[in-house]
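Given next are the chains, with one letter for each unit.
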Amino acid sequence: MAAPDAPDAPGEPEAETGPRTGIRAYIALARGRLDTGRTQASDVLDRHRDEPVLDIGLRIYERDREAAGTVVGSAIAFRLFLFFVPMVLFLVGVAGFFGDVVSAGDVQNAGVTGALAGQINNALTQPTSTRWLAVLVGLTGMATTGRTLSRALAQASCLAWRLPMSSKASVRVIGSVVGLVVGMGIVATIINRIARNVGDGVTGLSFIAVFALYGAGWVLLSGLLPRPTSDPGVLLPGAAIVGASLTGLQAVSQLYLPGRFSHASELYGAIGATIVILGWFFIAGRIMVLSMAVDAAVFERFGSVSDVVFALPVVRILPRRWPWFRRAFDLDAGLEHDDDGGDLEHDDADDRDEDRGR
């Protein structure tokens, strides 16, 4: 007589028999199709990896992921918000000293509205001791939060360029951060004034100048952050991204959101304004980190814009005549030989001989 089957050992899962049904079947099917799609996508990427557009896109994605772009961008956004609070306090305190020459009507005509306009109007009537307190507290807060913001930007640049980690925050970086943020506020006030007095048509054209100002400001700021070359030309792709993004955010904030908030202010109040500000800072911080990854990837794949500019027939004379251009744009490696294969030092010697012959 055959012995009965022994029961399964405790702890061992029961073997699955028969076809899968129900939700488990759909999950298994989805996993199989996902694995197949990943395999096909990897094959396509491997076949077309040498194409410049696809290659630079993958390089930017990999560099941004390697630098933890979302996490670092969130850290920068939080520090931007902390820096913004004492800066507003400082500006409101400074505005209080102009109470004799500035009125509430002047504030409204300048295009400053909302809670900030109310704070400035209150500051115009505050006693002198309160104004000095606001200025001192604001300056202290700006110095402290500006230092932490500068350190976060320096660390983000090191991650993007694959450099040894450095968190040095120089006074020039802190000053550049202050200048960029304050400049954004001044530009916003000017755009509001234009929109109020001229119209949306001219306001739209003025955003071209805003794009140029933001791009130039980011080149000046990021030029003080760690990177493997002193050439400012490597910063132009990221500056274009930062300039376009900040300009777009400002256009939305000044042309679209005011009308929406005028109808929804009673419902959302300060919470809605806070959400918009935090979201604005998160996008700005994320774009800053992404721009660093773009600069590093483009430089690694194509080189610097300066190499193309100084290779032009007329412009190429500048670094030969003035060594400052070679040092400032890091052209020593690219200008060792000219297009005809001649050595740069020999060309300079020939030029000096020609000058002496004349």
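Above this note sits the structure.
Figured I'd write up the structure that's included with this text. (Residues numbered from 1 in each chain as written. Predicted model: local features only at pLDDT ≥ 70, side-chain atom pairs only at ≥ 80, totals over all residues. Heavy atoms only, no water.)

Some points on the overall build of the protein
And step 1. What the protein contains, in helices and strands, is 14 helices and 0 strands.
And step 2. The secondary structure elements of the protein, listed N-terminal to C-terminal, are α-α-α-α-α-α-α-α-α-α-α-α-α-α.
And step 3. By the burial criterion, 32% of the 358 residues in the protein qualify as buried.
And step 4. Contacts in the protein between residues far apart in sequence, at least 24 positions, make up 73% of those at least 6 positions apart.
And step 5. Surface accessibility of the protein: about 21900 Å² in total, with carbon and sulfur atoms responsible for 63%. (Helix = DSSP H or I, 4+ residues; strand = E, 2+ residues; numbered from the N terminus. Buried < 20%, exposed > 50% of the residue type's maximum accessible area, 1.4 Å probe, protein only. Contact = heavy atoms within 4.5 Å. Areas by Shrake-Rupley, 256 points an atom, 1.4 Å probe, with all protein chains shown as cover.)

Details of the nonpolar core
Side chains of nonpolar character tend, in soluble globular proteins, to be buried together.
And step 1. Ile76, Leu153, Val177, Trp218 and Leu246 are the most contacted members of the largest nonpolar core, which totals 40 residues.
And step 2. Among the secondary structure elements, those contributing two or more residues to this core are helix H3 (69-96), helix H6 (128-161), helix H7 (171-197), helix H8 (200-222), helix H9 (236-255) and helix H10 (257-302).
And step 3. It is H6 that contributes the most residues to this core, 8 residues altogether.
And step 4. If we skip the residues at most four places from it in the chain, Leu153 touches Ile76, Val177, Leu221, Leu225, Met288 and Met292.
And step 5. Membership of the second largest hydrophobic core comes to 5 residues, among which are Ile56, Ile60, Val294 and Ala297. (Core = buried A, V, L, I, M, F, W, Y, C linked by side-chain atoms within 4.5 Å.)

Some words on the pattern of salt bridges
And step 1. Across all of its chains, the model carries 7 salt bridges by this definition.
And step 2. The residue Asp55 makes a salt bridge to Arg301 at a minimum N-O spacing of 2.5 Å. Residue Asp55 is located in helix H2 (residues 52-66), and its partner Arg301 is located in helix H10; the two are separated by 246 residues in the primary sequence.
And step 3. Put simply, Glu66 and Arg162 hold a salt bridge, and the shortest N to O gap is 2.9 Å. Of this pair, Glu66 sits in helix H2 while Arg162 sits in the loop between H6 and H7, and the two are 96 residues apart along the sequence.
And step 4. Each of Asp55, Arg59, Arg63, Glu66, Arg162, Glu300 and Arg301 takes part in one network of salt bridges that share partners. (Salt bridge = Lys/Arg side-chain N within 4 Å of Asp/Glu carboxyl O.)

Observations concerning the packing of aromatic side chains
And step 1. With the rule as written, the count across this model stands at 9 aromatic pairs.
And step 2. Between the aromatic rings of Trp161 and Phe299, the centroid separation amounts to 6.0 Å while the plane-to-plane angle is 65 degrees, which identifies the pairing as edge-to-face. Of this pair, Trp161 sits in helix H6 while Phe299 sits in helix H10, and the two are 138 residues apart along the sequence.
And step 3. Phe299 sits in the partly exposed class, given a relative accessible area of 30%.
And step 4. Here the aromatic cluster, defined as three or more aromatic residues joined through ring pairs, consists of Phe81, Phe84, Trp280 and Phe281. (Phe/Tyr/Trp six-rings, centres within 6.5 Å; stacked < 30°, edge-to-face > 60°.)

A word on a nonpolar patch on the surface
And step 1. Taken together, Leu236, Val305, Val309 and Leu312 make up a surface patch of nonpolar side chains, about 290 Å² in accessible area.
And step 2. With respect to the element layout, Leu312 can be found in the loop between helix H11 (305-309) and helix H12 (317-321).
And step 3. Judged by its relative accessible area of 42%, Leu312 falls in the partly exposed class. (Patch = residues over 30% accessible without salt bridge, like charges linked within 9 Å, V, L, I, M, F, W, Y side chains within 5 Å.)

Observations concerning unusual backbone geometry
And step 1. Positive phi values are uncommon outside glycine, yet Ala68 reaches one of about 55 degrees.
And step 2. Although it is not a glycine, Arg162 sits at a positive phi angle of roughly 60 degrees.

Considering empty space enclosed by the protein
And step 1. Scanning the model with the defined rule gives 2 cavities of 30 Å³ or more in all.
And step 2. The space that makes up the largest cavity amounts to roughly 40 Å³.
And step 3. Of the residues that constitute the lining of the largest cavity, the class distribution is 5 nonpolar, 2 polar and 2 charged.
And step 4. Empty space within the second largest cavity amounts to approximately 30 Å³.
And step 5. If you go around the second largest cavity, the residues you meet are Gly233, Val234, Pro237, Asp295, Val298, Phe299, Gly303, Ser304 and Val305.
And step 6. At 3 residues, the largest contribution of residues to the lining of the second largest cavity is made by H10.
And step 7. In terms of residue class, the lining of the second largest cavity is built from 5 nonpolar, 3 polar and 1 charged. (1 Å grid on protein atoms, 1.4 Å probe; cavity = no way out; pocket = protein on both sides within 12 Å on 5 of 7 lines; lining within 4 Å. Points joined across faces, edges and corners; volume = space filled by probe spheres on them. Nonpolar A, V, L, I, M, F, W, Y, C, P; charged D, E, K, R; others polar.)

Details of the packing of H3 against H6
And step 1. It is at 8 Å that the axes of H3 and H6 come closest, and there the two elements cross at 155 degrees. Classified by the angle their axes make, H3 and H6 are roughly antiparallel. Between H3 and H6 lies a crossing whose hand is left-handed.
And step 2. Residue classes in the contact of H3 with H6 are distributed as 20 nonpolar, 7 polar and 2 charged. (Axes fitted to C-alpha atoms, helices over the stretch in contact; angles between N-to-C directions. Parallel < 35°, antiparallel > 145°, perpendicular 65-115°, else oblique. Left-handed = near helix turned anticlockwise from the far one by under 90°.)

What to know about the side chain of Asp295
And step 1. Tracing the chain through its elements places Asp295 in helix H10.
And step 2. No salt bridge is formed by the buried Asp295; its nearest oppositely charged neighbour, Arg227, is found at 8.0 Å. (Lys, Arg positive; Asp, Glu negative; His and termini not counted.)

Notes on H6
And step 1. With 34 residues, H6 extends 48 Å between its outermost C-alpha atoms, agreeing within 8% with the 50 Å of an ideal straight helix rising 1.5 Å per residue.
And step 2. In the stretch just after H6, Arg162 is the one whose phi turns positive, near 60 degrees. (Expected span 1.5 Å × (residues − 1).)

Quick look at the environment of Gly185
And step 1. If you trace the backbone, Gly185 turns up in helix H7.
And step 2. Gly185 sits in the partly exposed class, given a relative accessible area of 37%.
And step 3. Separated by 97 residues in the primary sequence, Gly185 and Val88 have C-alpha atoms spaced 10.0 Å apart.

This is a description of form; function is not addressed.
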